[in-house]
Amino acid sequence: MDLDKKIQQVYIIGSKGIPANYGGFETFVEKLTAGQKNKQIKYHVASRSDNGELAERYKHFDYNGADIFSIDIPHIGSAQAIAYDYKALKEAIQISKRQQDYRPIFYVLANRIGPFAQNFAKKIHDLGGKFYLNPDGHEWARAKWPKQVRKYWKYSEKRMVQAADLIIADNPEIERYIKKEYASFHPKTTYIAYGTDIQKTKLRSKDKKVRDWFARKQIKENEYFLVVGRFVPENNYETMIREFMASQTKKDFVLVTNVERNKFYERLKEKTHFDRDPRVKFVGTVYDQELLKYIRENTFAYFHGHEVGGTNPSLLEALSMTRLNMLIDVPFNRAVAKDGAIYWRKVNGDLATKINKTETYNIEQIASYTEVARKRVEDEFTWDYIISKYEGLFLS
(Lines give C-alpha, C1' and ligand atoms only; values in the text may rest on other atoms or scores of the structure.)
Protein backbone atom coordinates (compact mmCIF):
# COMPACT_ATOMS: atom_id res chain seq x y z
CA MET A 1 0.00 0.00 0.00
CA ASP A 2 1.26 3.43 -0.94
CA LEU A 3 1.33 5.36 2.31
CA ASP A 4 4.11 7.71 1.22
CA LYS A 5 2.75 11.19 1.90
CA LYS A 6 5.58 12.70 -0.15
CA ILE A 7 4.14 11.29 -3.37
CA GLN A 8 1.18 13.15 -4.87
CA GLN A 9 -1.15 10.65 -6.56
CA VAL A 10 -2.92 12.16 -9.61
CA TYR A 11 -5.68 10.28 -11.47
CA ILE A 12 -6.46 11.47 -14.99
CA ILE A 13 -9.87 10.60 -16.44
CA GLY A 14 -11.41 11.54 -19.79
CA SER A 15 -8.73 10.92 -22.41
CA LYS A 16 -8.96 7.77 -24.52
CA GLY A 17 -5.64 6.84 -22.93
CA ILE A 18 -1.95 6.60 -23.73
CA PRO A 19 0.02 5.75 -25.83
CA ALA A 20 -1.80 8.54 -27.70
CA ASN A 21 -3.06 7.70 -31.16
CA TYR A 22 -4.78 11.03 -31.85
CA GLY A 23 -6.73 13.79 -30.14
CA GLY A 24 -5.97 16.83 -28.01
CA PHE A 25 -6.50 15.34 -24.55
CA GLU A 26 -4.58 12.19 -25.48
CA THR A 27 -1.60 14.24 -26.67
CA PHE A 28 -1.79 16.36 -23.51
CA VAL A 29 -1.61 13.29 -21.23
CA GLU A 30 1.19 11.77 -23.34
CA LYS A 31 3.26 14.98 -23.07
CA LEU A 32 2.50 15.51 -19.36
CA THR A 33 3.69 12.01 -18.43
CA ALA A 34 6.60 11.75 -20.91
CA GLY A 35 7.95 15.17 -19.91
CA GLN A 36 7.51 14.71 -16.15
CA LYS A 37 10.21 16.59 -14.24
CA ASN A 38 9.12 16.24 -10.60
CA LYS A 39 9.21 12.67 -9.31
CA GLN A 40 7.00 13.56 -6.33
CA ILE A 41 3.99 12.99 -8.59
CA LYS A 42 2.63 9.58 -9.56
CA TYR A 43 0.20 9.64 -12.49
CA HIS A 44 -2.60 7.09 -12.97
CA VAL A 45 -4.28 7.35 -16.38
CA ALA A 46 -7.55 5.73 -17.44
CA SER A 47 -7.44 4.11 -20.87
CA ARG A 48 -10.16 2.65 -23.05
CA SER A 49 -9.58 -1.06 -23.51
CA ASP A 50 -9.74 -0.55 -27.30
CA ASN A 51 -6.93 2.05 -27.19
CA GLY A 52 -4.19 -0.18 -28.57
CA GLU A 53 -2.67 -3.58 -27.82
CA LEU A 54 -1.43 -2.87 -24.26
CA ALA A 55 -4.84 -1.68 -23.05
CA GLU A 56 -6.49 -4.73 -24.66
CA ARG A 57 -4.08 -7.20 -23.04
CA TYR A 58 -3.49 -5.76 -19.56
CA LYS A 59 -5.68 -4.40 -16.79
CA HIS A 60 -2.70 -2.33 -15.55
CA PHE A 61 0.53 -1.47 -17.33
CA ASP A 62 3.32 1.08 -16.99
CA TYR A 63 3.84 3.72 -19.67
CA ASN A 64 5.94 6.91 -19.39
CA GLY A 65 6.29 6.02 -15.70
CA ALA A 66 2.52 6.31 -15.24
CA ASP A 67 0.16 3.54 -14.10
CA ILE A 68 -2.32 3.00 -16.94
CA PHE A 69 -5.54 1.22 -15.98
CA SER A 70 -7.73 -0.20 -18.68
CA ILE A 71 -11.54 0.21 -18.77
CA ASP A 72 -13.92 -1.96 -20.84
CA ILE A 73 -16.45 0.08 -22.81
CA PRO A 74 -20.05 -0.96 -23.29
CA HIS A 75 -21.00 -0.52 -26.97
CA ILE A 76 -23.96 1.81 -26.52
CA GLY A 77 -23.50 4.31 -29.34
CA SER A 78 -22.92 7.96 -28.52
CA ALA A 79 -23.45 7.43 -24.77
CA GLN A 80 -20.33 5.24 -24.52
CA ALA A 81 -18.08 8.25 -23.78
CA ILE A 82 -20.25 9.05 -20.75
CA ALA A 83 -20.20 5.41 -19.62
CA TYR A 84 -16.42 5.28 -20.07
CA ASP A 85 -15.77 8.36 -17.92
CA TYR A 86 -18.21 7.09 -15.28
CA LYS A 87 -16.53 3.65 -15.07
CA ALA A 88 -13.04 5.16 -15.18
CA LEU A 89 -13.63 7.59 -12.32
CA LYS A 90 -15.31 4.87 -10.27
CA GLU A 91 -12.28 2.59 -10.81
CA ALA A 92 -9.83 5.42 -10.00
CA ILE A 93 -11.56 5.99 -6.67
CA GLN A 94 -11.33 2.24 -5.92
CA ILE A 95 -7.58 2.17 -6.70
CA SER A 96 -7.02 5.21 -4.51
CA LYS A 97 -8.97 3.59 -1.66
CA ARG A 98 -6.96 0.37 -1.91
CA GLN A 99 -3.70 2.31 -1.91
CA GLN A 100 -4.85 4.48 1.00
CA ASP A 101 -3.60 7.53 -0.91
CA TYR A 102 -2.89 10.74 0.95
CA ARG A 103 -4.89 13.65 -0.51
CA PRO A 104 -5.20 12.27 -4.07
CA ILE A 105 -6.19 14.50 -7.02
CA PHE A 106 -8.74 13.33 -9.60
CA TYR A 107 -8.43 15.37 -12.79
CA VAL A 108 -11.40 14.93 -15.15
CA LEU A 109 -11.07 16.11 -18.75
CA ALA A 110 -14.37 17.34 -20.32
CA ASN A 111 -17.91 17.74 -18.96
CA ARG A 112 -19.44 14.36 -19.77
CA ILE A 113 -20.62 13.03 -16.39
CA GLY A 114 -22.39 16.04 -14.88
CA PRO A 115 -25.43 14.15 -13.50
CA PHE A 116 -23.06 12.00 -11.36
CA ALA A 117 -20.52 14.70 -10.48
CA GLN A 118 -21.87 15.60 -7.03
CA ASN A 119 -21.89 11.95 -5.97
CA PHE A 120 -18.32 11.42 -7.21
CA ALA A 121 -17.15 14.64 -5.52
CA LYS A 122 -18.51 13.37 -2.18
CA LYS A 123 -16.62 10.06 -2.55
CA ILE A 124 -13.43 11.93 -3.47
CA HIS A 125 -13.78 14.26 -0.48
CA ASP A 126 -14.37 11.26 1.79
CA LEU A 127 -10.90 10.05 0.71
CA GLY A 128 -9.45 13.46 1.59
CA GLY A 129 -9.02 14.09 -2.14
CA LYS A 130 -9.72 16.89 -4.60
CA PHE A 131 -11.81 16.92 -7.78
CA TYR A 132 -10.29 19.01 -10.61
CA LEU A 133 -12.00 19.65 -13.95
CA ASN A 134 -10.89 20.75 -17.41
CA PRO A 135 -14.13 21.93 -19.06
CA ASP A 136 -12.60 21.89 -22.58
CA GLY A 137 -14.46 24.18 -25.05
CA HIS A 138 -18.15 24.95 -25.54
CA GLU A 139 -19.26 21.42 -26.43
CA TRP A 140 -22.92 22.51 -26.16
CA ALA A 141 -22.37 24.98 -29.01
CA ARG A 142 -21.15 22.44 -31.56
CA ALA A 143 -23.37 22.30 -34.63
CA LYS A 144 -22.81 18.54 -35.03
CA TRP A 145 -24.96 17.74 -31.98
CA PRO A 146 -28.76 17.49 -32.13
CA LYS A 147 -30.65 19.92 -29.87
CA GLN A 148 -31.27 17.38 -27.06
CA VAL A 149 -27.60 16.41 -26.94
CA ARG A 150 -26.60 20.08 -26.74
CA LYS A 151 -29.02 20.54 -23.83
CA TYR A 152 -27.36 17.59 -22.08
CA TRP A 153 -23.86 19.08 -22.58
CA LYS A 154 -24.96 22.42 -21.10
CA TYR A 155 -26.63 20.76 -18.11
CA SER A 156 -23.62 18.47 -17.61
CA GLU A 157 -21.21 21.42 -17.71
CA LYS A 158 -23.24 23.22 -15.04
CA ARG A 159 -23.24 20.20 -12.70
CA MET A 160 -19.51 19.49 -13.22
CA VAL A 161 -18.57 23.10 -12.49
CA GLN A 162 -20.76 23.06 -9.39
CA ALA A 163 -19.09 19.88 -8.05
CA ALA A 164 -15.43 20.61 -8.89
CA ASP A 165 -12.91 21.95 -6.37
CA LEU A 166 -10.94 23.63 -9.15
CA ILE A 167 -11.62 24.39 -12.83
CA ILE A 168 -8.51 24.39 -15.05
CA ALA A 169 -9.29 26.30 -18.27
CA ASP A 170 -6.93 26.00 -21.24
CA ASN A 171 -7.93 29.45 -22.56
CA PRO A 172 -8.42 32.74 -20.66
CA GLU A 173 -11.77 33.22 -22.42
CA ILE A 174 -13.03 29.85 -21.10
CA GLU A 175 -11.97 30.86 -17.58
CA ARG A 176 -13.81 34.20 -17.98
CA TYR A 177 -16.92 32.41 -19.26
CA ILE A 178 -16.97 29.92 -16.33
CA LYS A 179 -16.58 32.72 -13.75
CA LYS A 180 -19.39 34.77 -15.33
CA GLU A 181 -21.82 31.99 -16.32
CA TYR A 182 -21.62 30.20 -12.95
CA ALA A 183 -20.95 33.18 -10.68
CA SER A 184 -23.55 31.92 -8.18
CA PHE A 185 -21.38 28.81 -7.51
CA HIS A 186 -18.25 30.96 -6.87
CA PRO A 187 -16.11 28.50 -8.89
CA LYS A 188 -12.39 28.40 -8.13
CA THR A 189 -10.59 28.65 -11.47
CA THR A 190 -7.12 28.83 -12.94
CA TYR A 191 -5.70 29.06 -16.46
CA ILE A 192 -3.12 26.64 -17.87
CA ALA A 193 -2.90 26.50 -21.64
CA TYR A 194 -2.45 23.55 -23.96
CA GLY A 195 1.09 23.07 -25.29
CA THR A 196 2.66 22.46 -28.65
CA ASP A 197 5.81 21.07 -30.24
CA ILE A 198 8.25 23.73 -31.48
CA GLN A 199 10.74 21.41 -33.21
CA LYS A 200 11.09 21.99 -36.93
CA THR A 201 10.54 19.09 -39.34
CA LYS A 202 13.51 16.81 -40.02
CA LEU A 203 12.36 16.35 -43.62
CA ARG A 204 14.02 18.16 -46.50
CA SER A 205 12.57 19.33 -49.80
CA LYS A 206 14.43 16.64 -51.77
CA ASP A 207 13.30 13.72 -49.56
CA LYS A 208 11.38 11.06 -51.49
CA LYS A 209 8.46 11.10 -49.02
CA VAL A 210 8.02 14.86 -49.54
CA ARG A 211 8.39 14.81 -53.33
CA ASP A 212 6.00 11.86 -53.68
CA TRP A 213 3.26 13.54 -51.61
CA PHE A 214 3.51 16.92 -53.39
CA ALA A 215 3.59 15.25 -56.81
CA ARG A 216 0.61 13.02 -55.99
CA LYS A 217 -1.47 15.97 -54.74
CA GLN A 218 -0.24 18.29 -57.54
CA ILE A 219 0.81 21.03 -55.11
CA LYS A 220 3.92 23.24 -54.98
CA GLU A 221 5.67 24.59 -51.86
CA ASN A 222 4.56 28.12 -50.85
CA GLU A 223 1.84 28.03 -53.53
CA TYR A 224 -1.08 27.02 -51.34
CA PHE A 225 -3.29 28.16 -48.48
CA LEU A 226 -3.83 25.41 -45.89
CA VAL A 227 -6.31 24.17 -43.33
CA VAL A 228 -5.83 21.17 -41.01
CA GLY A 229 -8.72 20.02 -38.84
CA ARG A 230 -11.77 17.87 -38.34
CA PHE A 231 -14.36 18.02 -41.09
CA VAL A 232 -17.25 19.46 -39.04
CA PRO A 233 -19.57 22.45 -39.70
CA GLU A 234 -18.42 24.59 -36.74
CA ASN A 235 -14.91 24.78 -38.21
CA ASN A 236 -16.40 27.06 -40.88
CA TYR A 237 -15.37 25.15 -43.99
CA GLU A 238 -18.23 26.71 -45.93
CA THR A 239 -17.08 30.29 -45.28
CA MET A 240 -13.42 29.47 -45.97
CA ILE A 241 -14.17 27.66 -49.24
CA ARG A 242 -16.68 30.24 -50.49
CA GLU A 243 -14.38 33.18 -49.67
CA PHE A 244 -11.32 31.46 -51.13
CA MET A 245 -13.22 30.80 -54.36
CA ALA A 246 -14.26 34.47 -54.48
CA SER A 247 -10.63 35.63 -54.15
CA GLN A 248 -8.28 36.42 -57.04
CA THR A 249 -5.44 34.16 -55.88
CA LYS A 250 -3.83 31.71 -58.28
CA LYS A 251 -2.66 29.58 -55.34
CA ASP A 252 -4.39 26.35 -54.21
CA PHE A 253 -6.50 25.77 -51.11
CA VAL A 254 -5.30 22.52 -49.52
CA LEU A 255 -7.64 20.89 -47.00
CA VAL A 256 -5.99 18.26 -44.79
CA THR A 257 -9.06 16.72 -43.18
CA ASN A 258 -10.88 13.44 -42.62
CA VAL A 259 -13.30 14.17 -45.45
CA GLU A 260 -15.97 11.57 -46.07
CA ARG A 261 -18.55 11.77 -48.81
CA ASN A 262 -21.21 12.37 -46.16
CA LYS A 263 -24.22 14.73 -45.93
CA PHE A 264 -22.04 17.64 -44.83
CA TYR A 265 -19.69 17.14 -47.80
CA GLU A 266 -22.59 16.94 -50.27
CA ARG A 267 -24.30 20.01 -48.78
CA LEU A 268 -21.03 21.94 -48.99
CA LYS A 269 -20.57 20.94 -52.63
CA GLU A 270 -24.15 21.99 -53.42
CA LYS A 271 -23.75 25.39 -51.73
CA THR A 272 -20.25 26.33 -52.94
CA HIS A 273 -19.68 24.20 -56.09
CA PHE A 274 -16.06 23.76 -54.93
CA ASP A 275 -15.77 20.75 -57.27
CA ARG A 276 -15.75 23.22 -60.19
CA ASP A 277 -12.73 25.12 -58.84
CA PRO A 278 -9.47 23.22 -59.51
CA ARG A 279 -7.72 25.30 -56.82
CA VAL A 280 -9.72 23.61 -54.02
CA LYS A 281 -8.00 20.34 -53.08
CA PHE A 282 -9.24 17.91 -50.43
CA VAL A 283 -6.13 15.78 -49.77
CA GLY A 284 -7.34 13.53 -46.92
CA THR A 285 -5.55 13.17 -43.57
CA VAL A 286 -1.78 13.10 -43.02
CA TYR A 287 -0.82 10.87 -40.08
CA ASP A 288 2.92 11.19 -40.58
CA GLN A 289 3.77 14.02 -38.13
CA GLU A 290 7.06 14.97 -39.82
CA LEU A 291 5.36 15.23 -43.21
CA LEU A 292 2.50 17.26 -41.70
CA LYS A 293 5.06 19.65 -40.18
CA TYR A 294 6.72 20.04 -43.57
CA ILE A 295 3.32 20.78 -45.20
CA ARG A 296 2.61 23.44 -42.53
CA GLU A 297 6.07 25.00 -42.76
CA ASN A 298 5.83 25.30 -46.54
CA THR A 299 2.36 26.74 -46.94
CA PHE A 300 1.89 30.37 -47.96
CA ALA A 301 -0.77 30.96 -45.26
CA TYR A 302 -2.95 28.99 -42.88
CA PHE A 303 -6.72 29.37 -42.33
CA HIS A 304 -8.18 28.63 -38.91
CA GLY A 305 -11.97 28.50 -38.69
CA HIS A 306 -12.55 26.94 -35.23
CA GLU A 307 -14.90 29.12 -33.23
CA VAL A 308 -16.21 27.06 -30.27
CA GLY A 309 -13.07 25.57 -28.73
CA GLY A 310 -10.65 26.75 -26.08
CA THR A 311 -6.98 26.73 -27.05
CA ASN A 312 -7.05 24.62 -30.17
CA PRO A 313 -4.04 22.29 -30.77
CA SER A 314 -4.07 22.87 -34.54
CA LEU A 315 -3.94 26.65 -33.96
CA LEU A 316 -0.85 26.33 -31.74
CA GLU A 317 0.80 24.08 -34.34
CA ALA A 318 0.04 26.66 -37.02
CA LEU A 319 1.44 29.56 -34.96
CA SER A 320 4.54 27.57 -34.21
CA MET A 321 5.21 26.41 -37.80
CA THR A 322 3.39 28.53 -40.40
CA ARG A 323 4.65 31.89 -41.64
CA LEU A 324 1.26 33.60 -41.95
CA ASN A 325 -1.94 32.74 -40.08
CA MET A 326 -5.48 33.91 -40.87
CA LEU A 327 -7.91 33.20 -38.01
CA ILE A 328 -11.63 33.59 -37.56
CA ASP A 329 -12.12 36.56 -35.26
CA VAL A 330 -13.38 35.07 -31.98
CA PRO A 331 -12.11 35.83 -28.44
CA PHE A 332 -10.52 32.33 -28.01
CA ASN A 333 -8.27 32.84 -31.03
CA ARG A 334 -7.34 36.43 -30.15
CA ALA A 335 -6.42 35.32 -26.61
CA VAL A 336 -3.92 32.84 -28.10
CA ALA A 337 -2.45 34.60 -31.17
CA LYS A 338 -2.83 38.28 -30.17
CA ASP A 339 -0.96 40.37 -32.81
CA GLY A 340 0.60 37.32 -34.48
CA ALA A 341 -2.22 36.74 -36.99
CA ILE A 342 -4.66 38.29 -39.44
CA TYR A 343 -8.32 38.04 -38.33
CA TRP A 344 -11.36 37.52 -40.56
CA ARG A 345 -15.10 37.63 -39.93
CA LYS A 346 -18.00 35.61 -41.32
CA VAL A 347 -19.11 38.55 -43.44
CA ASN A 348 -19.41 38.23 -47.20
CA GLY A 349 -16.19 39.34 -48.87
CA ASP A 350 -14.15 39.82 -45.69
CA LEU A 351 -11.83 36.80 -45.97
CA ALA A 352 -11.67 37.07 -49.79
CA THR A 353 -10.44 40.67 -49.50
CA LYS A 354 -7.83 39.63 -46.94
CA ILE A 355 -6.64 36.74 -49.14
CA ASN A 356 -6.15 39.20 -52.02
CA LYS A 357 -4.29 41.58 -49.70
CA THR A 358 -1.85 38.89 -48.51
CA GLU A 359 -0.76 38.44 -52.12
CA THR A 360 0.62 42.02 -52.00
CA TYR A 361 2.65 41.49 -48.81
CA ASN A 362 6.43 41.69 -49.04
CA ILE A 363 8.84 39.38 -47.17
CA GLU A 364 9.22 41.83 -44.24
CA GLN A 365 5.45 42.11 -43.68
CA ILE A 366 5.03 38.34 -43.57
CA ALA A 367 8.13 37.95 -41.37
CA SER A 368 6.75 40.39 -38.79
CA TYR A 369 3.62 38.18 -38.32
CA THR A 370 5.80 35.06 -38.14
CA GLU A 371 8.02 36.57 -35.48
CA VAL A 372 5.16 37.62 -33.18
CA ALA A 373 3.40 34.23 -33.55
CA ARG A 374 6.60 32.27 -32.77
CA LYS A 375 7.29 34.44 -29.73
CA ARG A 376 3.74 33.85 -28.42
CA VAL A 377 4.30 30.09 -28.65
CA GLU A 378 7.81 30.17 -27.15
CA ASP A 379 6.69 32.36 -24.22
CA GLU A 380 3.47 30.61 -23.25
CA PHE A 381 2.74 27.40 -25.14
CA THR A 382 5.76 25.07 -25.10
CA TRP A 383 5.11 21.68 -23.48
CA ASP A 384 8.03 22.32 -21.15
CA TYR A 385 6.36 25.43 -19.77
CA ILE A 386 2.90 23.79 -19.55
CA ILE A 387 4.27 20.72 -17.72
CA SER A 388 5.98 22.99 -15.15
CA LYS A 389 2.69 24.85 -14.57
CA TYR A 390 0.78 21.59 -14.03
CA GLU A 391 3.39 20.12 -11.71
CA GLY A 392 3.42 23.33 -9.68
CA LEU A 393 -0.37 23.16 -9.40
CA PHE A 394 -0.52 19.46 -8.42
CA LEU A 395 2.12 19.95 -5.73
CA SER A 396 0.81 23.26 -4.35
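The rules we used
- Residues numbered from 1 in each chain as written.
- Predicted model: local features only at pLDDT ≥ 70, side-chain atom pairs only at ≥ 80, totals over all residues.
- Heavy atoms only, no water.
- Helix = DSSP H or I, 4+ residues; strand = E, 2+ residues; numbered from the N terminus.
- Buried < 20%, exposed > 50% of the residue type's maximum accessible area, 1.4 Å probe, protein only.
- Contact = heavy atoms within 4.5 Å.
- Phe/Tyr/Trp six-rings, centres within 6.5 Å; stacked < 30°, edge-to-face > 60°.
- Lys NZ or Arg CZ within 6 Å of the ring centre and 35° of its normal.
- Axes fitted to C-alpha atoms, helices over the stretch in contact; angles between N-to-C directions.
- Parallel < 35°, antiparallel > 145°, perpendicular 65-115°, else oblique.
- Left-handed = near helix turned anticlockwise from the far one by under 90°.
- Nonpolar A, V, L, I, M, F, W, Y, C, P; charged D, E, K, R; others polar.
- Pairing = 2+ DSSP bridges.
- Right-handed = clockwise from strand over helix to strand, strands pointing away.

A. Layout of the side chain of Ser-49. Counting through the fold element by element, Ser-49 comes out in the loop between strand 2 (41-48) and helix 2 (53-57). Classification of Ser-49 by relative accessible area gives buried; the value is 14%. Ignoring any residue separated from it by four or fewer positions in sequence, one finds Ser-49 in contact with Ala-55, Glu-56, Ser-70, Ile-71, Asp-72 and Ile-73.

B. Region of interest: the packing of aromatic side chains. Inspection of every chain in the model, using the stated rule, returns 29 aromatic pairs. Here Tyr-390 and Phe-394 contribute two aromatic rings whose centre-to-centre distance is 5.7 Å and whose plane-to-plane angle is 40°, an arrangement assigned as tilted. A residue pair is termed a helical-turn pair when its members lie 3 or 4 positions apart in one helix, as Tyr-390 and Phe-394 do in helix 15 (residues 383-395) at 4 residues. Its relative accessible area of 2% is what places Tyr-390 among the buried residues. Cluster of aromatic residues (ring-pair linked, three or more members): Phe-231, Tyr-237, Phe-264, Tyr-265, Phe-274 and Phe-282. Taking NZ or CZ as reference, Arg-48 lies 6.0 Å from the ring centre of Tyr-84, over its face. The ring of Tyr-343 carries Arg-334 above its face, with NZ or CZ at 4.0 Å from the centroid.

C. Fine view of the packing of helix 10 (residues 289-297) against helix 11 (residues 313-321). Direction vectors running N to C along helix 10 and helix 11 enclose 60°, while the axes themselves pass 9 Å from each other. On the basis of their axis angle, the class for helix 10 and helix 11 is oblique. Crossing handedness for the pair helix 10 and helix 11: right-handed. Residues Lys-293, Arg-296 and Glu-297 of helix 10 lie in contact with helix 11, whose contacting residues are Ser-314, Glu-317, Ala-318 and Met-321. Residue classes in the contact of helix 10 with helix 11 are distributed as 2 nonpolar, 1 polar and 4 charged.

D. Here's a closer look at the sheet that holds strand 13 (residues 325-328). Taken in spatial order, the 6 strands line up as 11-10-9-12-13-14 in an open sheet, and their pairing is parallel. Two strands lie at the open edges of the sheet, namely strand 11 (280-284) and strand 14 (342-344), each paired on one side alone. Each strand axis lies, on average, 25° off the axis of its neighbour in the sheet, ignoring direction. Of the strand pairs in this sheet, strand 9 (residues 224-228) and strand 10 (residues 252-256) are connected by 5 bridges, and their pairing is parallel. Bridging across to strand 10, Phe-225 finds its partner in Phe-253. Against the sheet, helix 10 touches strand 9, strand 10 and strand 12 (301-304), its axis set at about 135° to strand 9. Packing of helix 13 (residues 350-358) onto the sheet brings it into contact with strand 9, strand 12, strand 13 and strand 14, and relative to strand 14 it is tilted by some 155°.

E. Examining the pairing of strand 10 more closely. Extensive coverage of strand 10 is indicated by the burial of 5 of its 5 residues. Residues Asp-252, Val-254 and Val-256 line one face of strand 10 and the alternating positions Phe-253 and Leu-255 line the opposite face, and both faces are buried. Considered for its hand, the β-α-β crossover made up of strand 9, helix 8 (residues 237-246) and strand 10 is right-handed. Two elements, strand 10 and strand 11, share 4 bridges in a ladder whose sense is parallel. Bridging from a neighbouring strand, Phe-253 pairs with Val-280 of strand 11. Since strand 10 and strand 11 lie parallel, the crossover through helix 9 (residues 263-272) that links them has a hand, and here it is right-handed.

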